[in-house]
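Next come the chains, spelled out residue by residue.
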Amino acid sequence: MAQFDAATEQPEARHRLLQWRIAQCWLAGAGLALALAGSFLPWVISGAVSRSIYAIAGVVDRLGIAGSGPVAAALASLPLIAALCFVPVIAAAFRWWRWAGAFSILIGLVMSVLSLGILALALGKVGLTVRLDPLGPSVMAAGGLLLIGGGACLIFGNSSPIRRRDGRSVGLVAS
């Protein structure tokens, strides 16, 4: 690790590390944006009406199909997806790169498993006039996979190019 710390003292090495960190954040951010956009895109086509996953959860909740167990609790908390997606953004704003990466991987896994599972189970099946629109789940799956990749890069990437290992700022060390 001594060689790595010596390399970060040079301005060009620090600049490359900063560029790498920015690329990691862009990758995770693109995945987060795609995953959120996929949740608002149509998931089900019913007659001439397209419904997002939030509209489907509302219909299932109003009809009482889920009952009162854990499935009902999961459907009731589905609108919190957008709020939970800001956790990695807040962690990255505090430069907690590994926490941002861990939250990104967790959110990406949940979104990918949900959307890929629905695609695998329901693609091509039609009930009355209700069928799956693959646009929403596909975009959410792509975003979730990008989010997993970006989160892995944030976790296993280099340490912060701005802060030193002992927590002191580079500007404070130079003075």
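Analysis parameters
Residues numbered from 1 in each chain as written. Predicted model: local features only at pLDDT ≥ 70, side-chain atom pairs only at ≥ 80, totals over all residues. Heavy atoms only, no water. Helix = DSSP H or I, 4+ residues; strand = E, 2+ residues; numbered from the N terminus. Buried < 20%, exposed > 50% of the residue type's maximum accessible area, 1.4 Å probe, protein only. Contact = heavy atoms within 4.5 Å. Areas by Shrake-Rupley, 256 points an atom, 1.4 Å probe, with all protein chains shown as cover. Phe/Tyr/Trp six-rings, centres within 6.5 Å; stacked < 30°, edge-to-face > 60°. Expected span 1.5 Å × (residues − 1). Axes fitted to C-alpha atoms, helices over the stretch in contact; angles between N-to-C directions. Parallel < 35°, antiparallel > 145°, perpendicular 65-115°, else oblique. Left-handed = near helix turned anticlockwise from the far one by under 90°. Nonpolar A, V, L, I, M, F, W, Y, C, P; charged D, E, K, R; others polar. Arc of directions from axis to C-beta. Core = buried A, V, L, I, M, F, W, Y, C linked by side-chain atoms within 4.5 Å.

Per the secondary structure count, the protein includes nine helices and four strands. Relative to its 175 residues, the protein shows a buried fraction of 31%. For the protein, restricting intrachain contacts to residue pairs at least 6 apart in sequence, the fraction spanning at least 24 positions comes to 71%. Counting only carbon and sulfur atoms, one obtains 72% of the accessible surface of the protein, whose full area is about 10,300 Å².

A few words on the packing of aromatic side chains. A full pass over the atoms with the stated rule returns three aromatic pairs. Centroid distance F40 to Y54: 5.0 Å. Interplanar angle 45 degrees. Geometry classified as tilted. Of this pair, F40 sits in helix 2 (residues 11–40) while Y54 sits in helix 3 (residues 53–63), and the two are 14 residues apart along the sequence. In this structure Y54 comes out as buried when scored by relative accessible area, which is 18%.

Glancing now at helix 8 (residues 135–156). In an α-helix, one turn spans 3.6 residues; hence positions three or four apart end up facing the same way. Taking 1.5 Å as the rise per residue, helix 8 with 22 residues should run 32 Å; its terminal C-alpha atoms sit 32 Å apart, in good agreement. Inspection of helix 8 places G136, P137, V139, M140, A141, G143, G144, L147, G150, G151, L154 and I155 among the buried residues, and these make up the whole buried set. Its buried side turned inward, helix 8 meets helix 2, helix 7 (97–122) and strand 4 (130–132).

Attention shifts here to the packing of helix 2 against helix 8. Relative orientation and spacing of two packed helices are given, respectively, by the angle between their axes and the distance between those axes. One can describe the packing of helix 2 onto helix 8 by two numbers: an axis separation of 7 Å at closest approach and a directional angle of 155 degrees. Judged by the inter-axis angle, helix 2 sits roughly antiparallel to helix 8. As for the relative orientation of helix 2 and helix 8, their crossing is left-handed in sense. Contact residues: R21, Q24, C25, L27, A28, A30, G31, L32, L34, A35, G38 and S39 in helix 2; G136, V139, M140, G143, G144, L146, L147, G149, G150, G151, C153 and L154 in helix 8. For the contact of helix 2 with helix 8, the residue count by class is 13 nonpolar, ten polar and one charged.

Listed as buried for helix 3 are I53, Y54, A57, G58 and V60. Buried residues of helix 3, viewed axially, fall in a sector of 165 degrees; they line one side. Exposed residues pointing more than 90 degrees away from the buried face of helix 3 are listed as R62 and L63. As for helix 3, its buried residues are in contact with helix 2, strand 2 (49–51), helix 4 (70–76), helix 5 (81–84) and helix 7. Of the residues trailing helix 3, G64 is marked for its positive phi of about 75 degrees.

A word on the nonpolar core. Most often, soluble globular proteins have nonpolar side chains that are buried together. Counting residues in each nonpolar core, the largest one holds 20 residues, and the members touching the most others are L78, I81, C85 and M111. In this structure, L78 is in contact with I53, Y54 and A57, ignoring residues within four places of it in sequence.

Once that is clear, we can look at the environment of V71. Relative to the helices and strands, V71 is located in helix 4. On the accessibility criterion, V71 (51% relative accessible area) is exposed. Taking the C-alpha atoms as reference, V71 lies 9.9 Å from D61; in sequence the two are ten residues apart.

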